[in-house]
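# Structural characterization, general
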There are 2 protein chains.
Amino acid sequence: MNKFSVIYETLKKKIDQGDYLQTMMLPTEAVLVEEYDCSRNTVRRAISQLIDEGLVYSVKGRGVVILEKQNTDELLLNLSNFNGIQALNSNQKIDYQTKVIKFTKLTITDELHQLTSFPIGTEVSYIERVRIVNEKRMVLDINYFRTEIVSGLTEEIAKKSIYHYIEKDLGVKISTSRRHLKVEGATELDTLSLDLQEYNCVGIISNWAYTDMGKLFEYTESHFIPDTFAFVELSTKR
Amino acid sequence: MNKFSVIYETLKKKIDQGDYLQTMMLPTEAVLVEEYDCSRNTVRRAISQLIDEGLVYSVKGRGVVILEKQNTDELLLNLSNFNGIQALNSNQKIDYQTKVIKFTKLTITDELHQLTSFPIGTEVSYIERVRIVNEKRMVLDINYFRTEIVSGLTEEIAKKSIYHYIEKDLGVKISTSRRHLKVEGATELDTLSLDLQEYNCVGIISNWAYTDMGKLFEYTESHFIPDTFAFVELSTKR
DNA sequence: GAGTGGTCTAGACCACGGT
DNA sequence: CCGTGGTCTAGACCACTCC
C-alpha cells in the first residue's frame, strides 16, 4: 500500500468517525507531515484524493474544510465503476441472469461509425443481451466488440462475463473508458426486451472502452428501466 | 496562468492537431522537462490533467499513450459543470426563459430531511421554476435554499439567476457539490409543468451544494424531459 | 539492461485568510 | 503580521516494459 493511500484511508476514517467535529477542519499540512512522518507532497496527495471524492474542500489561507455529511443511499451506482452492471451484483449480492438474444458479426458502416466511433470497415461482434434481476428484465446491453482485438467470442462467453474473457483469457489490458448518459424514448427492441411496464422511456449509458495501447475496442449501450438505478457524480469549483 | 496549465493546454492542442500521430504517444517526461524547462513534477501534473480528462492513458515502463479519438457530440452537457442548466445557455447560445411557479418557505421535516439532507427544523426557501427553451418547457427546477445562508431571496431574483445573487450579492463562496442522476416516472407536477408529449418519464439530477465553510446550503432537483440532454463521464482503471 | 513512469523527499517562494 | 494552502524545484529510488 502506498504511503499516500494509507494517509488518505486514515483521514477518511477519522472524518467518518467524527474525530474532527469541533473544528470541521483537517489538521494543517504541517501537522500531518509531523504525524505521518512524511513529506508535504505526500500529505497533499492524500488530501487531493479526499477533495476529488467530495469529502473535504480546501481554502487557501484557511485550511481544509470538512463538508457536512449527506444521507447515504445504498442503491446508488457510481458511473465511474469500471464494470457497469456487474457492480450491481457485487455491491448488493443480488445475482442476475443473462440472456443472449442476438449474436452476430457486423462491418462498421458510415451510420454505425457515427454511433460507435469505430473506423468505417472495422469488423465487430454485435451482441444483444438482457440482464434479468429477480425475474425482472432490467437492462438491455448492446455490445460492439472489435474482432481484431477481441477474437474468439462465443455465445457461451457472452452468457457469462465478456470482460473476464477479455482480461483474463485474451490478456487484453483495459485502460480507460468514456461514458455518456441520457434518457430517450423506448425503441421497439426496448419494449420487447425489457419489463418497462407502463413506462415508455429508458435510461441509456453509452460506453467507449480502450485498450492500454490506446485502441477503441468496445462500444456498448446499456438500456435500463426507470426507477431502479441512480448514478453519482461530484464537481468541484474550477 | 500556472506553468502546469500552460503545459497541459499545449499538449492538449498538439494532441488535437495530430502532432503525435506517428507514435500515438506523448514525448517522455524527460523530454518534456527539457522542452518546457521545468521540473518533472510539473510535467507530471500537466499529464495528470490529460489523464483525468480521458485524453491519454499512462502505462508504467512504456509511456503515455494517446487514446483514439471519439466522435464529438455537440449536444453533450458535462455533469461536472458547475452551473447545471446555465451551461446549456453559454455553450449553445440558446437563451431561455424562466417561469417561477412556486415560491414559499418551508421547515425541514423528517421526510424532507431524508430527501434533502438538511437537518430537521432547518428553514428553507422552496422554489419551483420551469426553464423554457425555444418555447418548449424542458426543465423543472425544484430548489431548497437554507435561509440562514441564502437570505433575502425574492421572486424577482428567482426569475434571473439565484447563483449570481448568492455569489455576487451575498458574497457566499460555493465550494463543491454532489450530484445524482436517475430516471423516474413523471409525477403529476412534472406532467403539468413540462412538455413531455407522449413520454411518461423524466431524468432527474439531484444536487447538493456546499459553501466554502462546508455547510450544505442548497438541495435542488432538476427534472428534464427525455431526448434532449446527455451527460458525460470518464472512468479510469483503478 | 536501458528506459520509462510511479512514489517520495526536502526545501523554496508565493498568494491568500484572519488577526 | 503570521499561518495557511498553492506552485515549483532537484534529486532519489523503485517497478514495470521492452529488447
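### A word on the overall build of chain A
Of the regular secondary structure elements, chain A holds eight helices and ten strands. By residue count, 51% of the 238 residues in chain A fall in the buried class. Considering only contacts within chain A whose residues lie at least 6 apart along the sequence, 58% involve residues at least 24 apart.

### Observations concerning helix α1 (residues 3-17) of chain B
Residues and elements named next belong to chain B. Between its first and last C-alpha, α1 extends 21 Å over 15 residues, near the 21 Å set by a 1.5 Å rise per residue. Among the residues making up α1, those that are buried are Phe4, Ser5, Ile7, Tyr8, Leu11 and Ile15. Burial along α1 is one-sided: seen end-on, the buried residues are contained in an arc of 160 degrees. In α1, the exposed residues that point more than 90 degrees away from the buried face are Lys13, Asp16 and Gln17. Where α1 ends, the next residue or the one after it, Gly18, has phi of about 85 degrees, a positive value.

### Observations regarding unusual backbone geometry
We note that A:Glu135 has phi near 65 degrees; this positive angle belongs to a residue other than glycine. Positionally, A:Glu135 belongs in the loop between β5 (123-133) and β6 (136-146). Classification of A:Glu135 by relative accessible area gives exposed; the value is 77%. In this model, B:Met24 sits at a positive phi of 55 degrees, which is unusual for a non-glycine residue. Within the secondary structure layout, B:Met24 lies in the loop between α1 and α2 (29-36).

### What about the pairing of strand β1 (residues 56-59) of chain B?
Residues and elements named next belong to chain B. Here β1 runs beside strand β2 (residues 63-66); their pairing, made up of four bridges, is antiparallel. When the bridges of β2 are listed, Tyr57 appears paired with Val65. Linking two consecutive strands that pair antiparallel, namely β1 and β2, is a turn of three residues; a positive phi of about 85 degrees is found at Gly61 within it.

### Focus on the protein's contact with DNA strand C
A:Lys3, A:Thr42, A:Arg45, B:Arg40 and B:Arg44 are the nearest of the 25 residues found near DNA strand C. When atoms of DNA strand C within 4 Å of the protein are sorted by moiety, sugar and phosphate together comprise 69%. Take A:Phe4: an N or O atom from its main chain is 3.4 Å from a phosphate oxygen of DNA strand C. Side-chain polar atom of B:Ser58 to a sugar or linking oxygen of DNA strand C: 2.8 Å apart, as the coordinates give it. Of all elements in the fold, only α1 (3-17) and α3 (40-52) of chain A together with α3 (40-52) and β1 of chain B reach the threshold of two or more residues within the surface near DNA strand C. Looking at which element gives the most residues to the surface near DNA strand C, the answer is α3(A), with four residues.

### With respect to helix α7 (residues 162-169) of chain A
Residue and element names in this part refer to chain A. Here α7 has its buried residues at Ile162, Tyr163, Tyr165 and Ile166. Buried residues in α7, looked at end-on, bunch into an arc of 165 degrees, giving them a common side. Counted as exposed and oriented over 90 degrees from the buried face of α7: Lys168 and Asp169. In this fold, the buried residues of α7 make contact with β5, β6, α6 (155-159), β7 (174-185), β8 (201-211) and β9 (216-224).

### Regarding the protein's contact with DNA strand D
Taken together, 25 residues lie around DNA strand D, and A:Arg40, B:Lys3, B:Thr42, B:Arg45 and B:Arg62 are the ones closest in. Looking at DNA strand D alone, sugar and phosphate atoms form 69% of those within 4 Å of the protein. Residue B:Ser39 places a main-chain N or O atom 2.7 Å away from a phosphate oxygen belonging to DNA strand D. Listing elements by their share of the surface near DNA strand D, those giving two or more residues are α3 and β1 (56-59) of chain A together with α1 and α3 of chain B. By residue number, the principal contributor to the surface near DNA strand D is α3(B), which donates four residues.

### Some remarks on the domain arrangement of chain A
If you check the domain split of chain A, you get domain 1 (3-66) and domain 2 (76-232). Between the C-alpha centres of domain 1 of chain A and domain 2 of chain A there is a distance of 38 Å.

### Focus: the environment of B:Thr228
Residue and element names in this part refer to chain B. With respect to the helices and strands, Thr228 occurs in the loop between β9 (216-224) and β10 (230-236). Judged by relative accessible area, which is 28%, Thr228 ranks as partly exposed. When the C-alpha atoms of Thr228 and Tyr165 are compared, they prove to be 28 Å apart, with 63 residues separating the residues in sequence.

### Thoughts on the confidence of the model for chain A
A low pLDDT score tells you not to read the predicted coordinates there in detail. All names here are of chain A. Predicted confidence across chain A gives a mean pLDDT of 85, with 86% of residues reaching 70 or more. Mean pLDDT values over the elements of chain A span from 44, in helix α4 (residues 85-92), up to 97, in helix α8 (residues 188-193). In the model, residues 81-93 has pLDDT below 50 throughout and makes 33 contacts with residues more than four positions away in sequence or in other chains.

### Overview of the packing of aromatic side chains
Taken as a whole, this structure holds six aromatic pairs over all chains when the rule is applied. Measuring from ring centre to ring centre gives 5.1 Å for B:Tyr126 and B:Tyr144, while their planes differ by 70 degrees; the resulting arrangement is edge-to-face. Here B:Tyr126 is found in strand β5 (residues 123-133), whereas its partner B:Tyr144 is found in strand β6 (residues 136-146), with 18 residues between them in sequence. In terms of burial, B:Tyr126 and B:Tyr144 fall into one category: buried. Here a set of aromatic residues connected by ring pairs shows up, and it is made of A:Tyr126, A:Tyr144, A:Trp208 and A:Tyr219. A cation sits over an aromatic face here: A:Arg45 above A:Phe4, 3.9 Å from the ring centre.

Calculation criteria
- Residues numbered from 1 in each chain as written.
- Chains lettered and ligands numbered in written order.
- Predicted model: local features only at pLDDT ≥ 70, side-chain atom pairs only at ≥ 80, totals over all residues.
- Heavy atoms only, no water.
- Helix = DSSP H or I, 4+ residues; strand = E, 2+ residues; numbered from the N terminus.
- Buried < 20%, exposed > 50% of the residue type's maximum accessible area, 1.4 Å probe, protein only.
- Contact = heavy atoms within 4.5 Å.
- Expected span 1.5 Å × (residues − 1).
- Arc of directions from axis to C-beta.
- Pairing = 2+ DSSP bridges.
- Near = heavy atom within 4 Å.
- Polar contact = N/O pair within 3.5 Å; in protein donor to acceptor, adjacent residues only side chain to side chain.
- Domains from an automatic or database assignment.
- pLDDT = per-residue confidence, 0-100.
- Phe/Tyr/Trp six-rings, centres within 6.5 Å; stacked < 30°, edge-to-face > 60°.
- Lys NZ or Arg CZ within 6 Å of the ring centre and 35° of its normal.

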